[in-house]
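Understanding the architecture of this molecule
These are the residues of each chain, in order.
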Amino acid sequence: MGTLINADNTWALWTILVGIAAVSIYLEQTYKWASKVTGAIIGLIIAMVLANFKVIPTDAPTYDAVWGYVVPLGIPLLLFNANIKKIWRESGRIMIIFLLSSIGTLLGTFVSFMLLRNHIPDLYKMAAMMTGSYIGGGVNFAAMAESFGTSGDWISALTVADNLLMAVYFFVLLAIPSISFFQKKFKHPHMDEVEGNVDTAEGETLAAKYWGRKEISLKDIAFAVSISFAIVWVSTELASILGRVIPTGNFIYNLFNGFLGNKYLLITTFTMLLATYMPNFMSSIHGAQEIGTFLIYIFLVVIGVPASLQLILTRSPLLLVFTGIIVLVNMIVTLLLGKLFKFNLEEILLASNANIGGPTTAVAMAIAKGWNKLIGPIMLAGVFGYIIGNYLGIFMGNLLQYL
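Residues numbered from 1 in each chain as written. Predicted model: local features only at pLDDT ≥ 70, side-chain atom pairs only at ≥ 80, totals over all residues. Heavy atoms only, no water.

Within an unreviewed UniProt entry, the label attached to the protein reads DUF819 family protein, and the organism entered is Tissierella carlieri.

Some thoughts on the overall build of the protein
When helices and strands are tallied, the protein shows 20 helices and zero strands. Looking at the protein as a whole, 53% of its 403 residues qualify as buried. Residue pairs in contact within the protein that sit at least 24 positions apart in sequence constitute 83% of those at least 6 positions apart. By element, 66% of the accessible surface of the protein is carried by carbon and sulfur atoms, the whole surface being about 18000 Å². (Helix = DSSP H or I, 4+ residues; strand = E, 2+ residues; numbered from the N terminus. Buried < 20%, exposed > 50% of the residue type's maximum accessible area, 1.4 Å probe, protein only. Contact = heavy atoms within 4.5 Å. Areas by Shrake-Rupley, 256 points an atom, 1.4 Å probe, with all protein chains shown as cover.)

Overview of the side chain of Thr323
Mapped onto the secondary structure, Thr323 falls in helix 17 (residues 309-340). If sequence neighbours within four positions are ignored, Thr323 has contacts with Met130, Tyr134, Leu158, Ala161 and Leu165.

Structural notes on helix 1 (residues 10-30)
Since the α-helix advances by 3.6 residues per turn, residues separated by three or four positions end up pointing in the same direction. The terminal C-alpha atoms of helix 1, which comprises 21 residues, lie 30 Å apart, in line with the 30 Å expected from a rise of 1.5 Å per residue. Those residues of helix 1 that sit buried are Leu13, Ile16, Leu17, Ile20, Ala21, Ser24, Leu27 and Glu28. Along the axis of helix 1, the buried residues cluster in a sector spanning 135°; they form a single face. In helix 1, the exposed positions that point more than 90 degrees away from the buried face belong to Trp11 and Thr15. (Expected span 1.5 Å × (residues − 1). Arc of directions from axis to C-beta.)

Quick word on the side chain of Asn344
Mapped onto the secondary structure, Asn344 falls in the loop between helix 17 and helix 18 (345-357). Overall, Asn344 belongs to the buried group, its relative accessible area being 9%. Residue contacts for Asn344: discarding those within four places in its chain leaves Arg93, Lys187, Pro189 and His190.

A word on the nonpolar core
Grouped together as the largest cluster of nonpolar side chains are 123 residues, with contacts concentrated most on Met126, Phe299 and Phe322. For Phe299, the residues in contact, after removing those within four places along its chain, are Val66, Trp67, Val71, Gly138, Phe141 and Ala142. (Core = buried A, V, L, I, M, F, W, Y, C linked by side-chain atoms within 4.5 Å.)

A few points about the environment of Glu146
Positionally, Glu146 belongs in helix 7 (residues 138-148). Judged by its relative accessible area of 31%, Glu146 falls in the partly exposed class. Spatially, the C-alpha atoms of Glu146 and Met129 are 9.3 Å apart, while their sequence positions differ by 17 residues. If we ignore the near neighbours within four places in the chain, the residues touching Glu146 are Trp67, Lys263 and Tyr264.

This is how it looks when you write it as C-alpha cells:
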C-alpha cells in the first residue's frame, strides 16, 4: 500500500511528527475548544487522518526511534522536581487522599480485568498501561506500552477510548462541586472561600496560563538534556545486566526480573534519587518539564499513526467499557474513603483528577475553580504519581498475566 511519503523519508516524517505536536500545543493554548479537547487528542487525530488517507505510512523507522529514544528521554525530564521529601512535607494531607485514590485505581483495574479478560486479548498489557497512566500520566502509559510490547493497533484504540472517557469524566468532576447532594455530604472550605474562577487574560486558555513563558538559559537546556541522556544510558545498561542475571521460572523470580530488569523503573528511580538528594541543583534547571512534555506530545502523535479507523470502531467500545469500570471504581472508592477519613470535597475531587488525568489536569481544575491553596500540593501529589505509576503498572501487569 503506497503512501505519499515513504517510510524511509526520515526528514519528512520527523517534520510531520514535530509539526503536528507544535500545532496541537498552539491550538490548545490559543482556542478554548481545543483546550477542552486537549492538544494530546488533537495531535493523535491529525496523525490518524494522515495515516488513514495514505499521506504517511503506518510503520517506519522514525516511529521506532520515537519509542526507543524520545519516550525514555521524556521520563527523567518530567521528574526533575520529584523530591520525595518535599512532596511529603508540603502536601502530606492531599498525598494521603491521592494514595487512597490510587487504591481505587488498582481495585478498578483488577475488577475490570476479571470481567473482560475473556473478551479482550492480552488485556493484562492494557491493564498495566492504564494502571501506570491513571496513577501517573502519559509518560507512564508510554513506558508500560513499551515494556509489555502492546501492539500499535490496541494502543491507538485504547488511547482513543481513554481520551473519550476522560473528557466526559473531567466534565463530571467539574460539575460535582455545584451539585447540592455533594455539598451537603462533604465539607468544602475552599469553595466557600472562592467567589469566582481565577482571572485569566482575555482569550487565554488554562493550558496557556499553566505553560506560560519562563526564564530559561542555554545552560539549563544543556544540563537537562545531558542529565537525561546519562540517566537513560545507565538505566538501560543496568536493566540489561539485571535482566540476564535474575532468573525466571516462577512468580517471584518473574516479578523481580520484571521489576529490576525494566529500564523505565530504573530511570524513574535514579531520577527520583537525584531530585531528592540533590534538590537545589535539579530544581534550578529550568525548562526540563517543558522539554519532556513536548517529547511526550511527539509520542502521542506516533500513537495515532497506526490507528485503523475500522479497528478503533470495532475495538474502542470494549476498551471504553474497560476504562470506564476503572474510572467508576476509582471515583466511588475515592469518595467513600475521602468521606470516611474526613477529607474536603475539593481534595477528594483533585485527588481523583490527579489519579486519572495527571497533575497538569488536576492543576487546571484547581485553577479553574479558584482553589489556589491546593494548586501546589496537588501538583506535587500528581508528580508523585509519575514516580509510583511505573512501579504499580509493572506490578499489576505481571500479577494479572499469571492469573
